[in-house]
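Observations on the three-dimensional arrangement
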Amino acid sequence: MDIGSTIRSIRKRKNITIAQICEKTGLSQGFMSQVETNKTSPSIATLEHIAGALDVPLAYLLLKKEERMQIVRKEERILTSSGPEQLRVFHLGSTQHMRMMIVEIPPGASTGEIPHAHEGEEVHLVLQGKIYAEQGEDSAIFEEGDSFSWNACTPHRVRNDGEHPALVLISVYHDAQKDTGWMG
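**Re the sheet that holds strand S7 (residues 147-151)**
Strand order in the open sheet formed by six strands is S1-S2-S3-S9-S4-S7, with antiparallel pairing between adjacent strands. Each of the sheet's edge strands pairs with one partner strand only, and the pair in question is strand S1 (78-82) and S7. Ignoring strand direction, the axes of neighbouring strands in this sheet form an average angle of 25 degrees.

Given below as structure tokens:
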């Protein structure tokens, strides 16, 4: 963990000197310098004082870089295709166990004639269009604003039953670090 670099980065971004941190925390400048260069590991109590002086939550200092806020601008979204009909999938963001995407389904297109299964749990929100979804004996038609969810390890399929392209916002939770992806 690179807490020292995180502290230094926050301090510099906020234009706070090491002397100002030491004044607020009672720590020596030599000690703070060693903390920032990762030559010493401060206690949680000391980190709490440093976090207070930097005006950030203690938990933020303890996050790994990949656990911090990730930003994906609209024009930076990754676009892939999925399924037998190569549906367009716009990737919005992800964490270790969760992914969010918008899937564009042309009129009449589906995730395939045969229901499929994969790891994870999914929540769907129809942003636009008319969607038919089925899982086992359950099936329903969904329109703009409707939502549905399921455990994706049970075979399922989705089809656009409307005359216009449908957009579905999908959030996928999975236990494993590596997931086979939407429509597995």
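**What to know about the pairing of S7**
Along S7, the buried face is formed by Phe148 and Trp150; none of Ser147, Ser149 and Asn151, which line the opposite face, is buried. Bridge count for strand S4 (residues 121-128) against S7 is five bridges, and the pairing is antiparallel. Within S7, the position partnered with leucine 125 by the bridge is serine 147.

**Overview of the packing of aromatic side chains**
Under the definition given, this model contains two aromatic pairs. Judged by centre distance (4.4 Å) and plane angle (25 degrees), the rings of phenylalanine 142 and phenylalanine 148 are stacked. Comparing phenylalanine 142 with phenylalanine 148 shows no difference in burial state: the two are buried. Summarising the aromatic geometry, the rings of phenylalanine 148 and tryptophan 150 are spaced 5.2 Å apart at their centres and angled 65 degrees between planes, so their arrangement reads as edge-to-face. Look at phenylalanine 148 and you get buried, because its relative accessible area is 10%. The class of tryptophan 150 is buried, set by a relative accessible area of 8%.

Cut-offs and rules
Residues numbered from 1 in each chain as written. Predicted model: local features only at pLDDT ≥ 70, side-chain atom pairs only at ≥ 80, totals over all residues. Heavy atoms only, no water. Pairing = 2+ DSSP bridges. Helix = DSSP H or I, 4+ residues; strand = E, 2+ residues; numbered from the N terminus. Axes fitted to C-alpha atoms, helices over the stretch in contact; angles between N-to-C directions. Buried < 20%, exposed > 50% of the residue type's maximum accessible area, 1.4 Å probe, protein only. Phe/Tyr/Trp six-rings, centres within 6.5 Å; stacked < 30°, edge-to-face > 60°.

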